[in-house]
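Observations on chain architecture
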Amino acid sequence: MSLIRSFFIPRLFALVACGLWVACGFPSAEEDARVCADVECSAGRCVSEDGAPVCRCGAWEEAAGLTCFITASRQPDDHGDAVSAATTLAPSVDFHEGVIQPPFRKLRDHDVFAMPTMAGHGFRFIVLSGTLANVDVRMLDASGKQVGSPVLPARGDAPLEFISTEAAPRFITVAAVEGEASGTYRYRLEDLGKDAHGDTLATAAPLALTGVPFPVALEFNGDEDVFTFRTEPGHGFRFSCEAERANLSLMNGAGVVQESWVPGEGPGHRVGLKTADSSTWFVRVRTSSGSLPATQCRLDDLGMDDHADEPSAATRLTAGVPATARLQGTNDVDVFSFSFTAGEIFDVRLSPPRERSVKLTDADGKTLAETTLSQILQEAASTGTYYVHVQRDSGWGTDFQVRVENLGPDDHGGTPETATRAEVGETVTGLIHKVTDLDAVTVPLEADGVYRLTCLPDCTLSMHAPVASIRLYRTAMAGVWNAHLLASGDVTFSMSSRDTPRSFTFLMERTGTDDYGDDAAHATPLPLPATVNGVFELATDVDAFSFESEAAQTYVVESRAANLRILDPNGVEVPVVLDAPTATRRFTAESSGTYGVVATSPDPFVGVARSWSFTLRMP
């Protein structure tokens, strides 16, 4: 019995004591959390004593000699930190002050404001720096996701312009930037008024296709103006604005975007289509950022489609007679047809010149050529009908003309056998109509003749002549060559181009006669002693001479305006050395035989004739 009493009584007193402790109001864990929510301790833990927060050290802190006290208290926040706790704002004339509290428990303070929702109205939120040098301003949607880019104002206003509706409410959060803990700022919300035009399909402003300009202004950032209209079957229309910053979106009656234009996508600032039936359309005008000052927009009826979209109903062209056309929308195609005989070259041109997409097909629908320019030059591979498809035009909605010309068969053959024969001094013109086209001209040239060949614009030339009978040198002038013939004969020149179609003008003129042969086979024999005068008709001209010599014979050579080379009977150059006592240049023949003298211009890059002379004698 005594054992039972000794075991239970102490524990009974403990239970009674605990019951009395709780009954007397000893703080619970929930009470500690509530009272200590806004304080931080240097060490230990915070507890509630008589409803006030107190920092208590535990055994570990006491053993370490630490002192436990309150180091920080969270200040009352003037605005909520989340969308769910946002402060609702109303437009005002005066600025209000906001306070960013110091970070607490490593969490930075944010002030979140809920914007009023007013359909068709624009708002401007302005922030001015207070004791904070800079603030971070961001716009949020209802989920708290950021909308657009943040604004980092310095010492000045940083407005955010926006629309806030029931369907898309907007919230704005303000915080200190990195490096700044706390401070004040000032803010104001302005009502920019009601938009002049509706922003949605339901509130779209109706338009008539009158072609009369009307004003459009996007009064604030995020503003959009939507217009609606109806079109007649088979008609095209065009909606255009003068402002380059205007973004245009064309939508069908269901609101599905059919076509768009944004700055940088080419000329026009316009959208439009050709319609097959009566239709309702919408156009949205907006900018990628900022507002848009007043600009002029217009809606034009481009009329009925003037030419069919398919070859089966193509408009027939007569050679030399232009046809007027207009693409009634970006989806319009105009098709034209014409007939040619095999071997004939036809020239299709569209004017005025501008960027287009044009395709040429045969009667089977096979594509023969495509271009983004305004001309197609083609040789008819077979007799029949051909079709021109104008598929895109940078100036759509405005008139253009299409014309086809019959240039007849190829003007010049492409081989020496089929080349056009021309005399010296006769001008020949031609047209290279495709990359594989070669136009050949044959000219009879005389031995020792010096000629100037002109082929403009600068031609791509190839040449067919008797082996080693002609030397051709390009001059510094584009499209001009100098030529020198060693033996008489016919020379064929072929013109080609990778840039077609390309017209050319060909002319061969004789400018002189070479006074001396250019190589050993045509060298002029010299009796010694000899004094020779001559002319370099071309800067690249070479004049060759020969003389007979006995072995061990020494010679003195002198020259003016010419470089001389002495060649032995084997064609090896003989050294010419300066004899100091006599101040003359000399050489000695090591063997008997025929020696050569080769004279060249000291300035081979000067394209004019130069006179020269030299003397060859024995000492």
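Quick caveat: nothing in here was measured; it's all calculated off a predicted structure.

Cut-offs and rules
Residues numbered from 1 in each chain as written. Predicted model: local features only at pLDDT ≥ 70, side-chain atom pairs only at ≥ 80, totals over all residues. Heavy atoms only, no water. Phe/Tyr/Trp six-rings, centres within 6.5 Å; stacked < 30°, edge-to-face > 60°. Helix = DSSP H or I, 4+ residues; strand = E, 2+ residues; numbered from the N terminus. Buried < 20%, exposed > 50% of the residue type's maximum accessible area, 1.4 Å probe, protein only. Salt bridge = Lys/Arg side-chain N within 4 Å of Asp/Glu carboxyl O. Pairing = 2+ DSSP bridges. Axes fitted to C-alpha atoms, helices over the stretch in contact; angles between N-to-C directions.

**Description of the packing of aromatic side chains**
This model, assessed by the stated rule, comprises 25 aromatic pairs. Relative to Tyr 187, the ring of Phe 113 lies with its centre 4.7 Å away and its plane at 45°, an arrangement referred to as tilted. Here Phe 113, found in strand S7 (residues 110-114), pairs with Tyr 187, found in strand S13 (residues 183-194); they are 74 residues apart in sequence, far enough to count as distant. The class of Phe 113 is buried, set by a relative accessible area of 0%. Arranged with centres 5.4 Å apart and planes meeting at 50°, the rings of Phe 237 and Trp 281 form a pair that is tilted. Of the two residues, Phe 237 sits in strand S17 (residues 235-241) while Trp 281 sits in strand S21 (residues 279-286), which places them 44 residues apart along the sequence. Each member of the pair, Phe 237 together with Trp 281, is buried. Here the aromatic cluster, defined as three or more aromatic residues joined through ring pairs, consists of Tyr 516, Phe 536, Phe 545, Trp 612 and Phe 614.

**With respect to the pattern of salt bridges**
All chains considered together, the criterion is met by 26 salt bridges. A salt bridge links Glu 379 to Lys 434, with the shortest nitrogen-to-oxygen separation between them at 3.8 Å. In this pair, Glu 379 is assigned in strand S29 (residues 375-379) and Lys 434 in the loop between strand S33 (427-432) and strand S34 (439-445), connecting sequence segments 55 residues apart. With a closest N to O distance of 3.8 Å, Asp 579 and Arg 586 form a salt bridge. Look at Arg 586 and you get partly exposed, because its relative accessible area is 21%. The structure contains a network of salt bridges with shared partners spanning Lys 274, Asp 305, Asp 309 and Asp 332.

**Comments concerning the sheet that holds strand S16 (residues 225-231)**
Read from one edge to the other, the open sheet built from five strands follows the order S14-S16-S21-S18-S19, with strand pairing classed as mixed. This sheet does not close on itself; its edge strands, each paired only once, are strand S14 (205-206) and strand S19 (257-261). Summarising the sheet, strand S18 (residues 247-251) and S19 pair through four bridges and their orientation is antiparallel. Within the sheet, the bridge partner assigned to Met 251 lies in S19 and is Val 257.

**Quick notes on the sheet that holds S13**
With respect to topology, four strands assemble into an open sheet ordered S6-S13-S8-S11, the strand pairing being antiparallel. This sheet does not close on itself; its edge strands, each paired only once, are strand S6 (96-100) and strand S11 (160-162). The sheet shows a mean angle of 25° between the axes of neighbouring strands, taken without regard to direction. The sheet contact formed by S6 and S13 spans five bridges and is antiparallel. Its bridge partner lying in S13, Gly 98 is registered against Tyr 185.

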